[in-house]
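Observations on the model geometry
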Amino acid sequence: MDFAWLGSLFLALIISSLIYSTWNIMYGRRNLPPGPTPFPIVGNILQIKRGKLVKSLMKYREKYGSLYTIYFGHNPIIVLCGYETVKEALIDRAEEFGGRGRLPTLDSFVKGFGVVFGNGKRWMDLRRFSLTTLRNFGMGKKTIEERIQEEASFLVAEIRSQTEKSIDPSTLLMQCVSNIICSIVFGNRFEYDDESFQKLLTMLHVATKDMSSTWGQLQGMLPVVMNYVPGPHKRINAHLSRLSNFILERIKMNQETLDPNSPRDYIDCFLIKQQQEKDNPSFNMSNMTMTLLNLFVAGTDTVSTTLRHGCLIVLKYPEIQAKLREEIDCVLGENRSPTIEDRSKMPYMNAVLHEIQRFCDILPMNLPHLATKDINFRGYTIPKGTDIYPLLCSVHQDTKQFATPNKFNPNHFLDNNGCFKKNDAFMPFSAGKRMCLGEGLARMELFIFFTTILQNFKLTSQTQFTEKDIMPKMTGFGNVPISYRMSFIPRVL
Ligand code: HEM
């Protein structure tokens, strides 16, 4: 007797019950906001266009509104869109929406350590300590302003010494910006031709590149499957390990020369805190290494990418560049370095910098948040531990808040008299409890570096950039500008 058909039937039954139970688990989570129907195992991944995650999420907004659910694998994610919804969640209900969500591309390396990916008491201790220490080292004060002015003058000298007429500004901008956070964290800046510095920044560059690749994106959405698939995403942990080895070496150097009465940098302060709070695991070695890595990465990549976008935009719009220069000449003249007090006297520069940050939207999906308890929100129930994506790009493109959201337009931040006009929907640093810890430092760097560059150089390029060229390009993690070459023509000889 042939029992083969019985075997096939049995197999079919097992497969269908597996599919059914997965489907059931997905829909068992009742009263979540609506969203596209997920498939078993992969969720909505197949409905997302390859490499176009942000665009796909913005498209779903048109269908499901400002609050919807999407599945990465079997993991539901609540997507928040538009100024009103993001504000209500992150500001009005800051406590409930203030956890840090999963970022599978990094989770196996980070393991929840450090200020950026920490939660609960660990995060609170590290955030409070980091803010106090950064302030003690001058964040938001005169001391750090002077450090940035000095670095800006090194940058000007370096650009003047370049013999090549047309350069890609990425490396220089990354170096000058990174030197600011390095001064605070490691207690010293690096020369631009220092090999160890160049190596460090290359490591950071390749790590972000691999994270942003399509493979990296897939790893973010389907971590369990992608763990078994070869590809560049497999190198991410190795790059990050190399970066953290550099940091461990610096910690060791500080340990050997520490004078508890005279802390030289953030590392010294952490070592002193560790001795004072021996039993507090928030200040153990893993949290120290990861927090240092967080500050180094966040303090380098974000501001330099914004400046790269900024230079490209003024290359595209020479009339904006000319107007900025006019204001600089009027307020600062040729030689005086900009100070942060000048910002209020330079409304056009202030508006252009705000518009650069809005338009370029370097972290369009924000960092993931997490529900810290069961949340009742707009008639739905979001269970504790659910990942939440507050889309900053949807705030920056909110037509109720900005007249021409898809165009670069400094008038978004100027009133009819040419005075600077605030807009609450300006959220590149996010909002609420997890808001960027380095906002003060970043805004000071952007103003002083950008103003100093335009005070000293006319920016030109042989390429005629189009509106499409200046549109931010979404990689897996953040928006970056196209790569381009340009010339810095000295204004004062
Ligand atoms: C243009 C520059 C920058 C932008 C646009 C930016 C943006 C952001 C955003 C969107 C977040 C996530 C906020 C959230 O989860 O709601 C964040 C977090 C963070 N940023 Fe920045 N950032 C910038 C510069 C910096 C700098 C210079 C530092 C270094 C001091 C820094 C350190 C951090 C840290 C430590 C966090 C984690 C905060 C937490 O989880 O509590 N950022 N940033």
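The following refers to the structure shown. (Residues numbered from 1 in each chain as written. Predicted model: local features only at pLDDT ≥ 70, side-chain atom pairs only at ≥ 80, totals over all residues. Heavy atoms only, no water.)

1. A look at the coordination of the iron atom of the ligand
When a metal holds four donors in a tetrahedron, each ideal angle between them is 109.5 degrees; when it holds six in an octahedron, the ideal angles are 90 or 180 degrees. Counted only if it meets this: Ligating atoms shown are N, O and S within 2.8 Å of the metal, or 3.2 Å for Na, K and Ca, and water is not included, meaning a site may look less than complete. Put simply, DSSP marks the helices as runs of H or I at least four residues long and the strands as runs of E at least two long, and each gets a number from the N terminus on.
Counting protein donors around the iron atom of the ligand gives one, C436 (SG), at 2.3 Å. Position of C436 among the secondary structure elements: in the loop between helix 16 (392–396) and helix 17 (439–456).

2. Some points on a nonpolar patch on the surface
Quick reminder of the rule: In this scheme, patches are assembled from residues that exceed 30% relative accessible area and form no salt bridge. Like charges are connected within 9 Å, while nonpolar side chains (Val, Leu, Ile, Met, Phe, Trp, Tyr) are connected within 5 Å. Per-residue accessibility takes into account occlusion by the displayed protein chains alone, with areas from the Shrake-Rupley method and a 1.4 Å probe. The salt bridge criterion pairs a side-chain nitrogen of Lys or Arg with a carboxyl oxygen of Asp or Glu, the two atoms within 4 Å.
Residues V224, V225 and Y228 make up a contiguous nonpolar surface patch of roughly 360 Å² in combined accessible area. For V224, the position within the fold is in helix 10 (residues 223–226).

3. Focus: the packing of aromatic side chains
Any pair of aromatic rings gets described here by the distance separating the centres and the angle formed by the planes. To keep it simple, the criterion reads: Side-chain rings of Phe, Tyr and Trp (the six-membered ring for Trp) are treated as a pair once their centres are within 6.5 Å; stacked means planes under 30 degrees apart, edge-to-face means over 60, and tilted covers the remaining angles. Throughout this description, buried means an accessible area under 20% of the type-specific maximum (1.4 Å probe, protein chains only), exposed means over 50%, and partly exposed covers the range between. We call a charge positioned over a ring when the NZ of a Lys or the CZ of an Arg lies within 6 Å of the ring centre and within 35 degrees of the ring normal.
Within the structure shown, the criterion is met by 20 aromatic pairs. Between the aromatic rings of F186 and F246, the centroid separation amounts to 5.7 Å while the plane-to-plane angle is 80°, which identifies the pairing as edge-to-face. Here F246 lies in helix 11 (residues 236–257) and F186 lies in the loop between helix 7 (170–185) and helix 8 (195–212), a separation of 60 residues in the sequence. Taking the centre distance of 5.6 Å and the plane angle of 75° together, the rings of F457 and F488 count as edge-to-face. Separated by 31 residues along the polypeptide, F457 in strand 8 (residues 457–460) and F488 in strand 11 (residues 487–490) bring together distant segments of the chain. The two residues F457 and F488 agree in class, both being buried. Every member of this aromatic cluster is reached through a ring pair, and the members are F129, Y266, F270 and F283. Geometry around F402 places R358 over its ring, the cationic atom sitting 5.1 Å from the centre.

4. Description of the pairing of strand 8
Formally: Two strands form a pair only when DSSP identifies at least two bridges running between them.
Residues of strand 8 alternate between two faces, with F457 and L459 buried on one and K458 and T460 left unburied on the opposite face. In the sheet, strand 8 pairs with strand 11 via 4 bridges, with the strands oriented antiparallel. Paired with T460 across the two strands is S487, which belongs to strand 11.

Note that every value here comes from positions in space, so none of it alone points to a role or purpose.
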